[in-house]
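A structural walkthrough
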Amino acid sequence: MAGNAKTPAPVGPRQAQDKKARCGWQGGARIWEETEPQTKKLKSCGDGEPQRKLPKRKIVLLMAYSGKGYHGMQRNVGSSQFKTIEDDLVSALVRAGCIPESHGEDMRKMSFQRCARTDKGVSAAGQVVSLKVWLIDDILAKINSHLPSHIRILGLKRVTGGFNSKNRCDARTYFYMLPTFAFAHKDRDVQDETYRLSAETLRQVNRLLACYKGTHNFHNFTSQKWPWEPSAQRYILDMFCEEPFERDGMEFAVIKVKGQSFMTHQIRKMVGLAVAIVKGYAPEAVLERSWGEAKVDVPKAPGLGLVLERVHFEKYNRRFGNDGLHEPLDWAREEAEVAAFKEQHIYPTIVSTERHERSMAQWLTTLPVHDFSATAQATASPGAKAPSPQEGSEGDGDSD
């Protein structure tokens, strides 16, 4: 046929080999295709059975998970000692028939990438990962059937072939949920559950959090970062504390922060310094001083209340969201499921863990040992190379 003459696949002596490669099933296993043909007719294999074409497609998955009991998001291949969220995800993808087992062992083979590598104990309501999979029938139901209830795939969308969820992400929004007694003055009991956040104190908290907005040098809010390194500069779009609410007789509040990217422990230290100031341990002047070259002792709040709420793809949506081939990555249809997951798995875990393990109360007892008046000028030369933090999460390879 004329159409066969245009086919770039070799013919002749390699005909049998090509026919075997084109067959959708071989020995009971799917063949992972490296090309993405738009339309091809199904042909029969050598045994007379119809061919099953399952080309791989680049997709993104919307994930929600409770991070308690996990050592972060990113998988550590070859290490079974520390369980991660991706360990369970990859296992579910293989068992559901979305990827070959070899791709679970080497995630680069499926072009896997996450928007943020959340740290130990950190949860997510809107994590997004990109990867290439076989688009099997009922794919979400099958993946979720092999996942524990505290990890859910809530949505799936096709994306462009070269899409990378980490590099395409414009910004990330986190929230930090904490008991409001964290804002009580230092003269009060460290865990006074009768404390209720006043409107005046809430205004003070929001005034301090608003100072973080804009571009600042956050070298004091992470580790192993010199003040003159360009990557120490981070842009915060918004940060504020919402109205408090009660859960199981304890009052909580949620701090939300949206930024282009965050460094290791940056958000927890931003929260920690704000708490120290409100409680009266540190003067407000230390906030602006922390953005200078001097080394400032910035306390790091517990990881329990930190949650990746959503990731943003504004530039991608403007370019591809309305091209007629791809959907915008806004997840509006999944909002109800995301909210339900937070109510069922994330909020209760934070509340119960705080009540039983007292992570915030114990951390508050360490604030008096911090010396907020001391400053240590960086002594290394600008040409010195600091050890880089382990690559991982929000935006440019750093993680919180």
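Here the structure is a predicted model, which is why all the values come from computation and not from measurement.

In this section: the environment of Ala-92. One can find Ala-92 in helix α3 (residues 85-96). Owing to a relative accessible area of 0%, Ala-92 belongs among the buried residues under this scheme. Linking Ala-92 and Asn-144, residues 52 residues apart in sequence, is a C-alpha distance of 7.4 Å. In contact with Ala-92, not counting residues within four places along its chain, are Ile-143, His-146 and Leu-147.

Taking 1.5 Å as the rise per residue, helix α7 (residues 199-210) with 12 residues should run 16 Å; its terminal C-alpha atoms sit 16 Å apart, in good agreement. Along α7, the positions that sit buried rather than exposed are Thr-201, Leu-202, Val-205, Leu-208 and Leu-209. In an axial view of α7, the angular spread of the buried residues amounts to 125 degrees, which keeps them on one side of the axis. Exposed positions of α7 whose direction lies more than 90 degrees from the buried face are Ala-199, Glu-200 and Arg-203. Of the surrounding elements, those touching the buried residues of α7 are β9 (233-241), β11 (250-259), α8 (266-279) and α9 (285-289).

Summed over the entire model, instances satisfying the criterion amount to 10 aromatic pairs. Pairing Phe-175 with Tyr-347 gives two aromatic rings, centres 6.1 Å apart and planes at 50 degrees, and the pair type is tilted. Here Phe-175 is found in strand β7 (residues 171-179), whereas its partner Tyr-347 is found in helix α11 (residues 335-357), with 172 residues between them in sequence. For Phe-175, a relative accessible area of 1% gives the class buried. Here Tyr-347 falls in the buried class, since its relative accessible area comes to 13%. Taken together, the ring pairs in this structure connect Phe-163, Phe-313, Tyr-316 and Phe-320 into an aromatic cluster. Across from the ring centre of Trp-331, 4.9 Å away, lies the NZ or CZ of Lys-157, which sits over that ring.

On to α3. Counted at 1.5 Å a residue, the expected span for α3 with its 12 residues is 16 Å, and the 17 Å between its end C-alpha atoms agrees. For α3, the tally of buried residues reaches nine of 12 residues, placing the bulk of the element in the interior. Taken residue by residue, α3 has Ile-85, Glu-86, Asp-87, Asp-88, Leu-89, Val-90, Ala-92, Leu-93 and Ala-96 as its buried positions. On its buried side, α3 packs onto β3 (56-65), α4 (101-105), β4 (113-114), β5 (123-134), α5 (139-145) and β6 (151-158).

Conventions adopted
Residues numbered from 1 in each chain as written. Predicted model: local features only at pLDDT ≥ 70, side-chain atom pairs only at ≥ 80, totals over all residues. Heavy atoms only, no water. Helix = DSSP H or I, 4+ residues; strand = E, 2+ residues; numbered from the N terminus. Buried < 20%, exposed > 50% of the residue type's maximum accessible area, 1.4 Å probe, protein only. Contact = heavy atoms within 4.5 Å. Expected span 1.5 Å × (residues − 1). Arc of directions from axis to C-beta. Phe/Tyr/Trp six-rings, centres within 6.5 Å; stacked < 30°, edge-to-face > 60°. Lys NZ or Arg CZ within 6 Å of the ring centre and 35° of its normal.

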